[in-house]
Amino acid sequence: MHPKTATYPIKHLTQSRIECPVTFDLQEVKNAEDTVLAHYRKHVSVKGFRPGHAPLEIVKADIGLQRLLDETIRILLPRILSDIIQEHQLKPIIPPSISINATAPLSVTLILVEHPKIQVKRIPAIDKKEITVRDEDVQRIVDYTLKQYNQSELTDTFVKEKLGGTSVASFKEEVRKNLLSYEEQRETRRREHTLLDAIRDAVQADLAPELLVEEERTLTEEFLDDLKRANVLLDDW
């Protein structure tokens, strides 16, 4: 028993890319072209002809050969793409890139991109520093506070009248707590940044160029949509 020949042969490339050459049936191409022309015929205004009754050659000239070809492929592609995906059990994550090889018969090459292969190395443990507040750190805040109020000495009376505290001891304790909280937050941010750097270094992904182009296109569209919602022109931004 001979192995079954693939209806749409594919070739696995690097970076999780799949190449698939496709040659469309002549009648199928003609039917798609007729659909495109019929659609545009309704909207083409030609002097001497009622709407929707302009000669197809005039409609074709108005559309242009490249646009007609692009729209024809757009109609043909969904069924072909569905067949390819089902036949080979593919899982593309972005629309395929299309390059036209020939127009008679219509032949294209599709590049599909699946999820990239990701390798993750062992992430080392992130050290945690012990946080302490020294007496000199507290005194530095005390000295700064006295300078701000043009005071030479920290007293209970000054703390009560100017700082809203109850005593020198309570004020220093509050300063110590605040410094401790601040240093703990700094240490947390340091460890988070260190972890993110470690994850970045540990993860290796060979991304297909089509994936990068698609991401750039998506980000650009989102940016332009944001400008539109804000009633801002790109030239004014």
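Going by the structure above, here's the rest.
Residues numbered from 1 in each chain as written. Predicted model: local features only at pLDDT ≥ 70, side-chain atom pairs only at ≥ 80, totals over all residues. Heavy atoms only, no water.

## What to know about unusual backbone geometry
With the exception of glycine, the majority of residues adopt a negative phi angle, and the majority of peptide bonds are in the trans configuration.
(1) Moving on: The linkage connecting Ala 104 with the following residue, Pro 105, adopts the cis geometry, with an omega of -5°.
(2) Moving on: In this fold, Pro 105 is placed in the loop between strand 3 (97-103) and strand 4 (106-113).
(3) Moving on: In this structure, Ser 16 takes a positive phi of about 60° despite not being glycine.
(4) Moving on: Positionally, Ser 16 belongs in the loop between strand 1 (11-12) and strand 2 (17-23).
(5) Moving on: Residues other than glycine seldom take positive phi values, yet Gln 89 does so here, at roughly 55°.
(6) Moving on: Residue position: Gln 89 is located in the loop between helix 3 (65-88) and strand 3.
(7) Moving on: Here Gln 89 falls in the exposed class, since its relative accessible area comes to 63%. (Helix = DSSP H or I, 4+ residues; strand = E, 2+ residues; numbered from the N terminus. Buried < 20%, exposed > 50% of the residue type's maximum accessible area, 1.4 Å probe, protein only.)

## Description of a nonpolar patch on the surface
(1) Moving on: A cluster of nonpolar side chains, Ile 118, Val 120, Ile 123, Leu 195, Leu 196, Ile 199 and Val 203, forms an exposed patch at the surface whose accessible area comes to about 570 Å².
(2) Moving on: Where the nonpolar patch is concerned, the elements lending two or more residues are strand 5 (118-120) and helix 6 (168-202).
(3) Moving on: It is helix 6 that contributes the most residues to the nonpolar patch, three residues altogether.
(4) Moving on: Note on placement: Val 203 falls in strand 6 (residues 203-205).
(5) Moving on: The class for Val 203 is partly exposed, based on a relative accessible area of 32%. (Patch = residues over 30% accessible without salt bridge, like charges linked within 9 Å, V, L, I, M, F, W, Y side chains within 5 Å. Areas by Shrake-Rupley, 256 points an atom, 1.4 Å probe, with all protein chains shown as cover. Salt bridge = Lys/Arg side-chain N within 4 Å of Asp/Glu carboxyl O.)

## Some remarks on the side chain of Arg 17
(1) Moving on: Turning to its location among the elements, Arg 17 is positioned in strand 2.
(2) Moving on: On the basis of relative accessible area, Arg 17 is assigned to the buried category, the value being 16%.
(3) Moving on: When neighbours within four sequence positions are excluded, Arg 17 is seen to be in contact with Lys 11, His 12, Ile 111, Leu 112, Val 113, Ala 208, Pro 209 and Glu 210. (Contact = heavy atoms within 4.5 Å.)

## Examining the pairing of strand 4
(1) Moving on: Summarising burial for strand 4: eight of the eight residues are buried, a large majority.
(2) Moving on: By the alternation rule, side chains of strand 4 split into Leu 106, Val 108, Leu 110 and Leu 112 and Ser 107, Thr 109, Ile 111 and Val 113, which are all buried.
(3) Moving on: With six bridges connecting them, strand 3 and strand 4 associate as antiparallel partners. Within strand 4, the residue paired with Ala 102 across the bridge is Ser 107. (Pairing = 2+ DSSP bridges.)

## Some points on the pattern of salt bridges
(1) Moving on: A complete count under the given rule lists 17 salt bridges for this structure.
(2) Moving on: With a shortest N-O distance of 3.6 Å, Glu 136 and Arg 134 are connected by a salt bridge.
(3) Moving on: Its salt-bridge partner being Asp 135, residue Arg 176 comes within 2.8 Å of it at the nearest N-O pair. Of this pair, Arg 176 sits in helix 6 while Asp 135 is found in helix 4 (residues 135-148), placing the two residues 41 residues apart along the sequence.
(4) Moving on: Residue class for Arg 176 comes out partly exposed when judged on its relative accessible area of 26%.
(5) Moving on: On the accessibility criterion, Asp 135 (55% relative accessible area) is exposed.
(6) Moving on: Members of the salt-bridge network, linked through shared partners, are Arg 134, Glu 136, Asp 137 and Arg 140.

## Focus: the packing of helix 4 against helix 6
(1) Moving on: Interhelical geometry of helix 4 versus helix 6 gives an angle of 115° and a closest axis separation of 10 Å. Here helix 4 is positioned roughly perpendicular relative to helix 6, judged by the angle of their axes. Note that helix 4 runs across helix 6; the crossing there is right-handed. Contacts between helix 4 and helix 6 involve Asp 135, Asp 137, Val 138, Gln 139, Ile 141, Val 142 and Thr 145 on the former and, on the latter, Phe 171, Lys 172, Val 175, Arg 176 and Leu 179. (Axes fitted to C-alpha atoms, helices over the stretch in contact; angles between N-to-C directions. Parallel < 35°, antiparallel > 145°, perpendicular 65-115°, else oblique. Left-handed = near helix turned anticlockwise from the far one by under 90°.)

As far as function goes, none of this settles anything; it's purely spatial.
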